[in-house]
Amino acid sequence: MNINVKYGDITKISTDVIVNAANTSLLGGSGVDGAIHRIGGKQILEECQRIRNSQGKCKVGDAVITTAGNLPAKYVIHTVGPVWNGGNNNEEKLLYNSYKNSLLLAEKNKIETITFPNISTGIYRFPKEKAAKISINAISLFLRDSTYVKKVILVCFDNENYNICEALLSEFE
Ligand code: ADP
């Protein structure tokens, strides 16, 4: 299968695209978002600002694409995952949409390799096991029919997410 799990820092990854777990403002935040803007530099923020000026805030589950500035990747896709609020607020579908819409945007831009963090599992408190299952379902379904997107990496910043994703993927294969 063309899904790999890695342990590490997404700002060091040099795939065509890395995905940012952004917030609706698109203007930066903490966690992975903070790291991407801090290391990627002001070009990313400037493009996010232009997008905001033309289309407003980014809705939960949607995605937009910018340059990667000083990062080793070529582009950053910013998607907004849902905040976990107990599970009765459409959180699972919205998280699925974040992965799917990021992949659709990569496909539209003829991108071959894309790296995701574990969206929503930090400050947004989405349960990690549930989030990992949703991510792998969304990605594997997408890869069945994609033309350009060929390889997806899940990069985990903590042991718990890494162990969960690795176990799920080994069951999958
Ligand atoms: P969210 O608000 O979507 O929960 P966070 O940035 O708080 O976003 O966390 C999302 C995931 O990204 C968490 O699993 C967190 O451990 C991880 N993360 C934080 N910094 C990095 C980084 N530099 N590289 C990869 N993953 C990261």
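Residues numbered from 1 in each chain as written. Predicted model: local features only at pLDDT ≥ 70, side-chain atom pairs only at ≥ 80, totals over all residues.

J.: Looking at this model, I keep getting lost on the overall build of the protein chain. Mind explaining?
T.: The helix and strand tally for the protein chain stands at 5 helices and 6 strands. Counting from the amino terminus, helix and strand elements in the protein chain follow one another as β-β-α-α-β-β-α-β-α-β-α. In terms of principal-axis extent, the alpha carbons of the protein chain reach across some 45 × 35 × 30 Å. Each of the 173 residues in the protein chain was classed as buried or not, and the buried ones make up 43%. (Helix = DSSP H or I, 4+ residues; strand = E, 2+ residues; numbered from the N terminus. Buried ≥ 20, exposed ≤ 12 C-beta atoms within 10 Å, placed from the backbone.)

J.: How should the sheet that holds strand 1 (residues 3–7) be read in this particular structure?
T.: Pairing is mixed in the open sheet, where 6 strands are placed in the order 1-6-5-2-4-3. Looking along the sheet, the strands with just one partner apiece sit at the ends: strand 1 and strand 3 (63–67). Here the strands of the sheet are splayed against their neighbours by 25 degrees on average, with no regard to which way each runs. Helix 1 (residues 31–40) rests against strand 2 (17–22) and strand 4 (75–80) of the sheet, and its axis sits at about 125 degrees to strand 2. Relative to the sheet, helix 2 (residues 42–55) contacts strand 3 and strand 4, its axis offset from that of strand 3 by approximately 135 degrees. (Pairing = 2+ DSSP bridges. Axes fitted to C-alpha atoms, helices over the stretch in contact; angles between N-to-C directions. Contact = placed C-beta atoms within 7 Å.)

J.: Would you mind showing me how to read helix 3 (residues 91–108) here?
T.: Because the α-helix completes a turn every 3.6 residues, residues three or four places apart line up on one side. Between its first and last C-alpha, helix 3 extends 25 Å over 18 residues, near the 26 Å set by a 1.5 Å rise per residue. Residues Glu91, Leu94, Leu95, Asn97, Ser98, Tyr99, Ser102, Leu103, Leu105 and Ala106 constitute the buried set of helix 3. Of the surrounding secondary structure, the elements contacted by the buried residues of helix 3 are strand 2, strand 3, strand 4, strand 5 (113–116) and helix 4 (128–145). Lysine 110 sits one or two residues past helix 3 and shows a positive phi near 55 degrees. (Expected span 1.5 Å × (residues − 1).)

J.: Which parts of the structure should I look at to understand the nonpolar core?
T.: Within soluble globular proteins, side chains that are nonpolar generally end up buried alongside one another. Core analysis: the biggest nonpolar cluster contains 49 residues, and Val17, Ile18, Val76, Ile77, Ala106 and Ile114 have the highest contact counts within it. Not counting residues within four places of it along the chain, the set of residues in contact with alanine 106 comprises Val17, Ile77, Ile111, Ile114 and Val149. (Core = buried A, V, L, I, M, F, W, Y, C linked by C-beta atoms within 7 Å.)

J.: What's the story with the confidence of the model for the protein chain in this structure? I'm lost.
T.: Low-pLDDT stretches of the model should not have their predicted coordinates read in fine detail. Across the protein chain, pLDDT averages 97, with 99% of residues at or above 70. We note a pTM of 0.98 for the whole complex and an ipTM of 0.99 for its interfaces. (pLDDT = per-residue confidence, 0-100.)

J.: Mind showing me how you'd approach the site of the ligand here?
T.: Close contacts around the ligand come from 21 residues, with Ala21, Gly31, Gly122, Tyr124 and Phe157 the closest. For the shell around the ligand, the element with the highest residue contribution is helix 1, accounting for 4 residues. Residue composition of the shell around the ligand, grouped by class: 10 nonpolar, 8 polar and 3 charged. (Near = placed C-beta within 6 Å. Nonpolar A, V, L, I, M, F, W, Y, C, P; charged D, E, K, R; others polar.)

J.: Which parts of the structure should I look at to understand the pairing of strand 3?
T.: Looking along a regular strand, one sees the side chains alternate between the two faces of the sheet. Most of strand 3 is tucked away: 4 of the 5 residues are buried. As defined by bridge partners, strand 3 adjoins strand 4 across 5 bridges and the pair is classed as antiparallel. Among the inter-strand pairings, isoleucine 65 is bridged to a residue of strand 4, identified as isoleucine 77.

J.: Is there a simple way to explain the pairing of strand 4 in this structure?
T.: With 6 of 6 residues buried, strand 4 lies mostly within the body of the structure. Here strand 4 shows two buried faces, one formed by Tyr75, Ile77 and Thr79 and the other by Val76, His78 and Val80. Here strand 2 pairs with strand 4 via 6 bridges, running parallel. Within the sheet, the bridge partner assigned to isoleucine 18 lies in strand 4 and is valine 76.

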